[in-house]
Amino acid sequence: MKTPIGLFDSGDGGLTIFDKVHALMPEYDYLYLGDNARAPYGSRSFEIVYEFTLQAVKRLFDMGCPLVIIACNTASAKALRTIQQNDLPNIDVSRRVLGVIRPTVEVIGKITKTNHVGVVATQGTILSHSYSLEIKKLWPDIIVTGQACPLWVPLIENNEYNTAGADYFVKKYLDQLLNKDPLIDTLILGCTHYPLLIDKIRAYLPETINVIPQGNYVADSLKDYLHRHPEMEVRCSKHGEVEFLTSESEDKFSEAANIFLGKQEGIHAQRIIWE
Ligand code: DGL
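An account of the accompanying structure is given in this report. Everything numeric here is computed off the predicted structure, so don't read it as measured data.

About the cut-offs
Residues numbered from 1 in each chain as written. Predicted model: local features only at pLDDT ≥ 70, side-chain atom pairs only at ≥ 80, totals over all residues. Heavy atoms only, no water. Helix = DSSP H or I, 4+ residues; strand = E, 2+ residues; numbered from the N terminus. Rg over C-alpha atoms; globule rule 2.2 N^0.38 Å. Buried < 20%, exposed > 50% of the residue type's maximum accessible area, 1.4 Å probe, protein only. Contact = heavy atoms within 4.5 Å. Areas by Shrake-Rupley, 256 points an atom, 1.4 Å probe, with all protein chains shown as cover. Lys, Arg positive; Asp, Glu negative; His and termini not counted. Charge placed at Lys NZ, Arg CZ, Asp CG, Glu CD. Near = heavy atom within 4 Å. Polar contact = N/O pair within 3.5 Å; in protein donor to acceptor, adjacent residues only side chain to side chain. Nonpolar A, V, L, I, M, F, W, Y, C, P; charged D, E, K, R; others polar. Pairing = 2+ DSSP bridges. Axes fitted to C-alpha atoms, helices over the stretch in contact; angles between N-to-C directions.

Some details on the overall build of the protein
A count of helices and strands for the protein gives 12 helices and 10 strands. Since a compact globule built from 275 residues should have a radius of gyration of about 19 Å, the 18 Å found for the protein is in line with a globular shape. Projected onto the principal axes, the alpha-carbon positions of the protein cover approximately 55 × 40 × 35 Å. For the protein, the proportion of its 275 residues judged to be buried stands at 54%. Of the contacts made within the protein by residues no fewer than 6 positions apart, 78% connect residues no fewer than 24 positions apart. Of the roughly 12,400 Å² that the protein leaves accessible, carbon and sulfur atoms contribute 52%. Distance between charge centres in the protein, computed from 27 positive and 34 negative side chains, equals 4 Å.

As for the site of the ligand
Every residue close to the ligand is listed here: Asp9, Ser10, Pro40, Tyr41, Gly42, Cys72, Asn73, Thr74, Thr122, Cys191, Thr192 and His193. A distance of 2.8 Å separates a nitrogen atom of the ligand from a polar side-chain atom of Asp9. Between the ligand and the protein, one listed contact pairs an oxygen atom with a backbone N or O atom of Gly42 at 2.8 Å. Surface burial for the ligand is 99%, taken as the share of its 300 Å² of free accessible area covered by protein chains. Grouping the amino acids of the shell around the ligand by side-chain chemistry returns 4 nonpolar, 7 polar and 1 charged.

Considering the sheet that holds strand β6 (residues 143-148)
Read from one edge of the open sheet, 4 strands run β6-β5-β7-β8, paired in parallel fashion. Two strands lie at the open edges of the sheet, namely β6 and β8 (210-212), each paired on one side alone. Within the sheet, the average angular offset between the axes of one strand and its neighbour, ignoring direction, is 20°. The strands touched by helix α4 (residues 101-111) within the sheet are β5 (116-121), β7 (186-189) and β8, with β7 carrying the most contacts at an inclination of about 165°.

Thoughts on the sheet that holds strand β2 (residues 30-34)
Taken in spatial order, the 6 strands line up as β4-β3-β1-β2-β9-β10 in an open sheet, and their pairing is parallel. Two strands close off the open sheet at either side, each with one partner strand: β4 (96-98) and β10 (269-271). Pairwise comparison of adjacent strand axes, ignoring direction, gives a mean angle of 25° for this sheet. Summarising the sheet, strand β9 (residues 242-246) and β10 pair through 3 bridges and their orientation is parallel. The residue of β10 that forms the bridge with Leu245 is Gln270. In the packing of helix α1 (residues 15-24) onto the sheet, the strands contacted are β1 (5-9), β2 and β9, and the crossing angle to β2 comes to about 175°. Helix α3 (residues 73-91) rests against β1, β3 (67-70) and β4 of the sheet, and its axis sits at about 160° to β4.

Laid out in structure tokens, this is it:
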């Protein structure tokens, strides 16, 4: 019987997280769900992101996942805490839902030297203040400055991230961020799409600034979690199989998935319908 590790994202961006998790732990089964039909979540309200995320988590539970990773910053920022604290006790106390913000925040204090950290993310993630709140808990001396970059996701989704238009908007938001705090030496890419822009982001920043994509940290943190929780580890099946689900058309998902995973061969997804 398959009891895969579930990964959820508003669409394809979470594949940048899945990619690293799968590379580190290929022995597990994975079930990836992208809510492409309702993406992007970035500028949606708290209530809607929470409602959609809870629906997705329940679907992944129904499909046998004992553990779900919310591989989306916006959903982690707006829905994770409420699901963990209010919903999980009523659904199934033995299942777990984890996010992507905490694993990223945990490493930040060891990387910054100036104690000035920048976060680029969707409007929803920045307005939630989740990064600054989480960083303050672990690293009270760090000053966090956020910058919403609302045009980066559409540039990537429309496959325009390698164009001069992308250069313009990458520079624009980074300039705005560094104007707010020129002492930043560490930049968190707080959105699952942004690793696709990493070369341009690096090009418009001084070399002294560390640019931090999340995938590897989330993967390391999940490995550590499974090591510390053998009761959960034994519940995650290990046939090395991966399945993809999308709420949009299978073809649209596959097309975008190939870009996000940088692969030539087709990724096949199955369409789900929300009740
Ligand atoms: N996956 C989302 C995130 O990491 C970005 C895409 C969206 O806005 O839905 O914040």
